Structures are given as structure tokens and as C-alpha cells.
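Commentary on secondary and tertiary structure
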Amino acid sequence: MPNQAINEPDSSLKLKSLYEGFRDAGTIRALAARISSAAINLSEPLYIMEVCGGHTHTIMKYGLLGLIPDNVKFIHGPGCPVCVMPKERIDQAIALAKMDDVILLTLGDMIRVPGSKGSLAQARASGADVRPLYDPLDALAIARDNPDKTVVFFAIGFETSTPMTAVLLQQSERAALPNLLFHINHVLVPPAIDAVMAEPATKVNAFIGPAHVSVISGAKIYRRAAEVHHTPVVVSGFEPVDVMESILRLVELKNHAESVVEVQYSRAVSEEGNLTAQALVDEYFEVRDSFRWRGLGPIPQSALKLKDKYAHRDAEIHFGGRLPVAEIDDHKACQCGDILRGLANPMDCKVFGRGCTPQTPLGSCMVSSEGACNAYYRYHGVQHVD
């Protein structure tokens, strides 16, 4: 019998197939030439909002701004889950972390986002038990190893990360871990698009749809943007060739006055998405009446909460009136709110790169690895592809 390891494709080769060839400088320049040619026929400037911060970083890292014509412009959107977290929710996380016998768990950059009186990182430095996770399922072992503690998972993210929280909920129920609670801050992309388009001063007239969100939810969630707001949407992968192909298609759609949804990232995204993941999310979550977004304000039906069936896991219910609820806006010098609404560019902010840096952030857009300010700080001035 042949050696199975020889006949099975290497997992790294599978992964490589997702980006191999999508960073080729010649291909990128050829697409840039086609975009410039097609853009001559635009009847008005094309203002493309890339909703996801991952696309912002691709645009900046590979110098794509310098490859497109002046009548095609990028507007950076609110698709960074860390960036849109309002200060009062962070204050709640800090309050939980400072309580006796509580372990506060969350993901990545969240511990550095400033609330009204500091960050979770500062709370940890002061003695609070705050632990960043790379894998949410690590919460199970932490809860199991600390039966005398209340372990709270501060869950964040868009449709992309919600299924993992649902899996953690499922596993915590099966393992009968009563000390593992959840503070849910999962938000939804389509209502954020509605909020952007409701802004009277918006110039957005096309969207690059998020890739990872779309893998879960499917391209179908952007139909409203196309039909109601009359904006074409192209769901794009994260590689520079992906983004350039998506820009070209948006220019072509605009030239033909077509407001439709298309999928450039067809190697991973379908119309319907991952139905298994969607069913899992539906088992544990329901839509909140409203959720306040940092920079965007309250948006109706834009976030999720635990269903009543799982109220025994809800940290907001368990800790009741012990959590702060006062709504707190950003520092007056910070323009993160305007950036998230697509009304300003990071370079417009007077404290950008001065009082506000990734090491000393005033606003959430500078903290997150997906934030627009972080991308400009790291890559501004890149004028070419390698």
C-alpha cells in the first residue's frame, strides 16, 4: 500500500494556493493600467469604502494608493471589531477584571484599547487577572483549572469570530462549567453599512466587501447595500491582486450603472456562506435591539446577545448593576469616529503620529492591527509594490 503521507497534499501547499500569484508585481501593474483606462469613463469620482481593516492594510502595505487614478478614492470603513468598541463596554470589562475572584479573558489587541480610565492592559499591570487568548477554546481549561473563580470571556468580533464563541458556549454547556460566563460584543456588518450610508456627508458609492465575514455569512448579506443604497459591492480577498481586481470590477460596474453584488474571492466565498456555522450562531444568539458603536453611535439591530435560554452564561445579567453603563465619547483630539464613518483620513487627525501612536494610542483606530490609523502609521509613504 502506498505511503499515505506521500499521496496526501501538504497542508502548507493548500494554504499557499490561497495567495500564490496574488502578490505578483507585474499582475498588479497590469491591473492598475486597466483600472486607469476604465476610470476615464467614470461620470463621477468613485469613492470605495473597504469595510474591513485587513483590506486597508493591504492597500497601504503594497502601495496601492499610488497605483490608482485620482478619480478612484478609498474611504476606510468601520470593519475593525476592536476599533468600534465603545469606551463604556471596555469600562465594563475593566470593572469585571478588577472584581475579586474574576479572571477576564479576551482576544489580542482588545487589552490595549483605551476605555475612559485606562485599558485592560493597565488594569492587568495594577493586579487584575486579565489574560489575552489566541484560541477562545483555551477558556475551557482556564475555567476548569480555576473552579473557585468566575471566568468571563469578553467576546468581540464580526460574523467571522461569532461561530467560535458559539462553539465555546456549546463546549462549556457540555462540560458543565458553571463558572464560565460571557460578555458578548459581537457586531454585524450590514447594519454598519446602513449607518455609513445614512450619514448625510458620506461620499461612499461603492464597497469592497469583507472576505472573512463573507466566508461565514455569504455574499447574500450585501444585497441590501446594492438594492437600497444603489452601491455595487465586490467581495474581495486580502491579497493585492484581489484588491486590484475588485477595484477594476467596481469601476466597470459603475460605468454600466450596475448596483449588484459580485464575489471576486470565489476561492473561499459563496453566495450562501457556511450554513453549519450560521446554524450554530442561531442556536445561541439573537439580535440586540441596539448597540452603540465607537464613532458611529447607536445602530439598531447591529449586534448580538445571548438568547434567554443561556442567560445563566451572561455576565451582563450575572453582575447586574455592578457594571458601569455611562456612555463616554472619545478624546476630543481624536478623530477616530470620523475615520470610522468615512468622513476623515488618518492623516487629517492633528494628533496622528504625535500624541497618538501604536505605543501611546489615544483612539482605537491606532491600537488595532486592523485599524486605519495603525495601517497609515506603519505603511504611509509606500509608493510601489515589490
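Below or above, wherever it landed, is the structure these notes cover. (Residues numbered from 1 in each chain as written. Predicted model: local features only at pLDDT ≥ 70, side-chain atom pairs only at ≥ 80, totals over all residues. Heavy atoms only, no water.)

**Let's talk about the packing of helix H3 (residues 25–39) against helix H12 (residues 240–255)**
Orientation of H3 relative to H12, taken along the N-to-C sense of each, is 15 degrees, at an axis distance of 9 Å. As far as their axial angle goes, H12 and H3 are roughly parallel. When the axes of H3 and H12 are compared, the crossing they make is left-handed. Two secondary-structure elements touch here, H3 through Thr-27, Ile-28, Leu-31, Ala-32, Arg-34, Ile-35, Ala-38 and Ala-39 and H12 through Pro-240, Val-241, Met-244, Glu-245, Ile-247, Leu-248, Val-251, Glu-252 and Asn-255. Residues of the contact of H3 with H12, tallied by class, amount to 12 nonpolar, 2 polar and 3 charged. (Axes fitted to C-alpha atoms, helices over the stretch in contact; angles between N-to-C directions. Helix = DSSP H or I, 4+ residues; strand = E, 2+ residues; numbered from the N terminus. Parallel < 35°, antiparallel > 145°, perpendicular 65-115°, else oblique. Left-handed = near helix turned anticlockwise from the far one by under 90°. Contact = heavy atoms within 4.5 Å. Nonpolar A, V, L, I, M, F, W, Y, C, P; charged D, E, K, R; others polar.)

**Thoughts on the side chain of Arg-313**
By the secondary structure assignment, Arg-313 is in the loop between strand E13 (304–306) and helix H14 (315–318). If we skip the residues at most four places from it in the chain, Arg-313 touches Leu-169, Ser-172, Glu-173, Leu-177, Pro-178, Leu-180, Leu-181, Phe-182 and Leu-306.

**Here's the deal with the pairing of strand E12 (residues 297–300)**
Pairing analysis gives 4 bridges linking strand E11 (residues 290–293) to E12, with the strands arranged antiparallel. Counterpart to Phe-291 in the pairing with E12 is Ile-299. (Pairing = 2+ DSSP bridges.)

**Quick word on the sheet that holds strand E6 (residues 180–186)**
Spatially, E4-E3-E5-E6 is the arrangement adopted by the 4 strands of the open sheet, whose pairing is parallel. Each end of this open sheet is capped by a strand with a single partner; those strands are strand E4 (130–133) and E6. Across the sheet, the mean angle from the axis of one strand to that of its neighbour is 20 degrees, orientation sign disregarded. Where strand E5 (residues 150–157) lies against E6, 7 bridges are found, and the strand directions are parallel. What sits directly across from Val-152, in E6, is Leu-181. Across the sheet, helix H7 (residues 138–145) is in contact with strand E3 (102–107), E4, E5 and E6; its angle to E4 comes to roughly 150 degrees.

**Here's the deal with the nonpolar core**
Counting 75 residues, the largest nonpolar core has Trp-293 and Phe-319 as its most contacted members. Beyond its immediate chain neighbours, meaning those up to four positions away, Phe-319 contacts Leu-96, Met-99, Val-102, Thr-150, Val-152 and Leu-181. Grouped together as the second largest cluster of nonpolar side chains are 27 residues, Ile-68, Val-72, Ile-247 and Leu-250 included. (Core = buried A, V, L, I, M, F, W, Y, C linked by side-chain atoms within 4.5 Å. Buried < 20%, exposed > 50% of the residue type's maximum accessible area, 1.4 Å probe, protein only.)

**Here's the deal with the packing of aromatic side chains**
What the rule picks out here adds up to 4 aromatic pairs. On the numbers, 6.2 Å between centres and 85 degrees between planes, the contact of Phe-153 with Phe-182 is edge-to-face. Of this pair, Phe-153 sits in strand E5 while Phe-182 is found in strand E6, placing the two residues 29 residues apart along the sequence. Each member of the pair, Phe-153 as well as Phe-182, is classed as buried. Ring plane angle 40 degrees and centroid distance 4.7 Å describe the contact between Tyr-284 and Tyr-310, whose orientation is recorded as tilted. Pair noted here: Tyr-284 is in helix H13 (residues 275–284) and Tyr-310 is in the loop between E13 and H14, with a separation of 26 residues, a long-range link. (Phe/Tyr/Trp six-rings, centres within 6.5 Å; stacked < 30°, edge-to-face > 60°.)

**Some details on the pattern of salt bridges**
This structure, assessed with the given rule, holds 18 salt bridges. With a shortest N-O distance of 2.7 Å, Glu-173 and Arg-313 are connected by a salt bridge. Taken as a pair, Glu-173 in helix H8 (residues 162–174) and Arg-313 in the loop between E13 and H14 lie far apart in primary sequence, 140 residues in all. What makes Glu-173 partly exposed here is its relative accessible area of 29%. (Salt bridge = Lys/Arg side-chain N within 4 Å of Asp/Glu carboxyl O.)

None of this, on its own, says anything about what the molecule does.
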